[in-house]
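# Structural description and commentary
This is what each chain is made of:
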Amino acid sequence: MPRTIIDIRNRPAFLHDFYGGRSGTPGYETAKWLNGRTGSHNPEHFAASQDEATWVAEIRAAGISTAVVIGRDTPAIQNDNDEIATLAGRHEVLVGIGSVDPHRLGAARAVAEAERAVKTLGLKGINLEPGFGASPRHFDDPLLLPVYEALEDWNAPVFLMTGPTTPDLAYNNPDAIGRVARAFPRLRIAVHHGTWPRAAEIIGVAFRYPNVTLVPDMYIFQPGGALYVEAANGALADQIAFGSSFPFRAMAQSVEDYAKLGFKDEVLEKLFHTNAKALLGL
């Protein structure tokens, strides 16, 4: 097991009701249900992270040296970038990622807020979720292109939210990510949830474009997840990174389970540490 582990997708329950922030709410029940789906031994483990100190202690207990807190800006979930930066600033174990919604803000304001998040607040990148917007868009929609261009100029990565919870799965589209990677070859692109269940297609995109990093996180344990392991043990050793997807899967359990999936020893170091460090510019 690597001595230092970077968890590139981690959010505490207290950050939003959707993460299980308040017991007895629909969000709490959804978090519990999703933990059951992803194989958490205790589907209510996340309730402990309603308390900030307990959450940070759990990060350290899991052997995680850096946990990356991903902000979100969608109609359903909005995390203010100042909130993410303040939280990350309170604990040396945390790194923050900002988020903007170009549909809500417009392209110019989205770029301005992304610049403030990266250059003023010190957040390490920007999360985009066009498929979750009020008017869903593909990843290569023209409205997003100015944000990609700016991030490429600033040498800051973009994090793309994909996967089966996309309200319309037509927007969980590896092809569109490939077009972004081709148009912006210096832009570091992290693909959260690895566009599962379309694993083979996004692996093909990453094979073609070395600026794409796959983060299959909790979906690596689902049918077809072995493809990510096979790819990492082959051509994509430098293009896969570990994410627990906490609070929707337990941290320590995910670290242990990843180590048992069949990754080569030399790939485990890259998976747990080296690739995320390069992606984030740490």
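Just so it is clear, the model here is predicted, and its values are computed rather than measured. (Residues numbered from 1 in each chain as written. Predicted model: local features only at pLDDT ≥ 70, side-chain atom pairs only at ≥ 80, totals over all residues. Heavy atoms only, no water.)

Okay, the packing of aromatic side chains next. Applying the stated rule across the entire model yields 12 aromatic pairs. Geometrically, the ring pair formed by Phe221 and Tyr258 is edge-to-face, given 5.4 Å between the ring centres and 90° between the ring planes. With a gap of 37 residues between them, Phe221 in the loop between strand S7 (212–215) and helix H9 (226–232) and Tyr258 in helix H10 (residues 251–259) connect regions that are remote in the sequence. Under the relative-accessibility criterion, Phe221 is labelled partly exposed at 24%. Given a relative accessible area of 0%, Tyr258 falls into the buried group. (Phe/Tyr/Trp six-rings, centres within 6.5 Å; stacked < 30°, edge-to-face > 60°. Helix = DSSP H or I, 4+ residues; strand = E, 2+ residues; numbered from the N terminus. Buried < 20%, exposed > 50% of the residue type's maximum accessible area, 1.4 Å probe, protein only.)

Reading across from one edge, S1-S2-S3-S4-S5-S6-S7 is the order of the seven strands in this open sheet, with parallel pairing throughout. Here the strands that pair on one side only, and so sit at the sheet edges, are strand S1 (6–7) and S7. Two elements, strand S5 (residues 158–161) and strand S6 (residues 189–192), share four bridges in a ladder whose sense is parallel. Bridged to Phe159 within S6 is Ala190. (Pairing = 2+ DSSP bridges.)

Further remarks concern the packing of H10 against helix H11 (residues 265–280). As a packed pair, H10 and H11 sit with axes 11 Å apart at the nearest point and diverge in direction by 155°. Judged by the inter-axis angle, H10 sits roughly antiparallel to H11. Of the two possible hands of crossing, H10 and H11 adopt the one that is right-handed. Mapping the contact onto sequence places Val255, Tyr258 and Ala259 in H10 and Leu268, Leu271 and Phe272 in H11. Residues that form the contact of H10 with H11 fall into these classes: six nonpolar, no polar and no charged. (Axes fitted to C-alpha atoms, helices over the stretch in contact; angles between N-to-C directions. Parallel < 35°, antiparallel > 145°, perpendicular 65-115°, else oblique. Left-handed = near helix turned anticlockwise from the far one by under 90°. Contact = heavy atoms within 4.5 Å. Nonpolar A, V, L, I, M, F, W, Y, C, P; charged D, E, K, R; others polar.)

This brings us to unusual backbone geometry. A cis geometry characterises the amide bond from Trp196 onward to Pro197, with omega recorded as 15°. Take Pro197: it is sitting in the loop between S6 and helix H8 (199–208). Residues Phe246 and Pro247 are joined by a peptide bond in cis, for which omega reads 20°. Residue placement: Pro247 occurs in the loop between H9 and H10. Positive phi outside glycine occurs at Thr195, with the angle close to 45°. As for its position among the elements, Thr195 is in the loop between S6 and H8. The buried category is assigned to Thr195, whose relative accessible area is 0%.

So, on to the pattern of salt bridges. Per the counting criterion, the structure on display carries 15 salt bridges. We note a salt bridge from Glu129 to Arg72, for which the minimum N-O separation is 2.7 Å. Taken together, the residues span a long stretch of sequence, with Glu129 in the loop between strand S4 (126–128) and helix H6 (145–154) and Arg72 in the loop between strand S2 (66–70) and helix H3 (81–90) at a distance of 57 residues. Judged by relative accessible area, Arg72 falls into the buried class, the value being 5%. Two residues, Arg249 and Asp257, come together in a salt bridge whose shortest N-O distance is 2.9 Å. Taken as a pair, Arg249 and Asp257 share a single burial class, namely buried. Put simply, Asp82, Glu113 and Arg116 are held in one network by salt bridges that share partners. (Salt bridge = Lys/Arg side-chain N within 4 Å of Asp/Glu carboxyl O.)

Our focus in this paragraph is the environment of Arg11. On the secondary structure map, Arg11 appears in the loop between S1 and helix H1 (26–38). Arg11 sits in the buried class, given a relative accessible area of 1%. Contacts of Arg11, omitting those with residues within four sequence positions, involve Tyr19, Trp55, Ile70, Arg72, Ser245, Phe246, Pro247 and Phe248. A distance of 3.4 Å separates polar atoms of two side chains, one belonging to Arg11 and the other to Tyr19. (Polar contact = N/O pair within 3.5 Å; in protein donor to acceptor, adjacent residues only side chain to side chain.)

Next up on the list: the packing of helix H5 (residues 107–120) against H6. Their axes nearest at 9 Å, the elements H5 and H6 cross at an angle of 25°. In terms of their interaxial angle, H5 and H6 are classed as roughly parallel. Pair H5 / H6 crosses with right-handed handedness. Contacts from Ala107, Ala110, Val111, Ala114, Glu115 and Lys119 in H5 reach Pro146, Val147, Ala150 and Trp154 in H6.

Okay, the pairing of S7 next. What you see with S7 is no split at all: Val212 and Leu214 on one side and Thr213 and Val215 on the other are buried throughout. Relative to S7, S6 is paired through four bridges, and the arrangement is parallel. By the bridge assignment, His192 is partnered in S7 with Val215. Taken together, S6, H8 and S7 form a β-α-β motif whose crossover is right-handed. (Right-handed = clockwise from strand over helix to strand, strands pointing away.)

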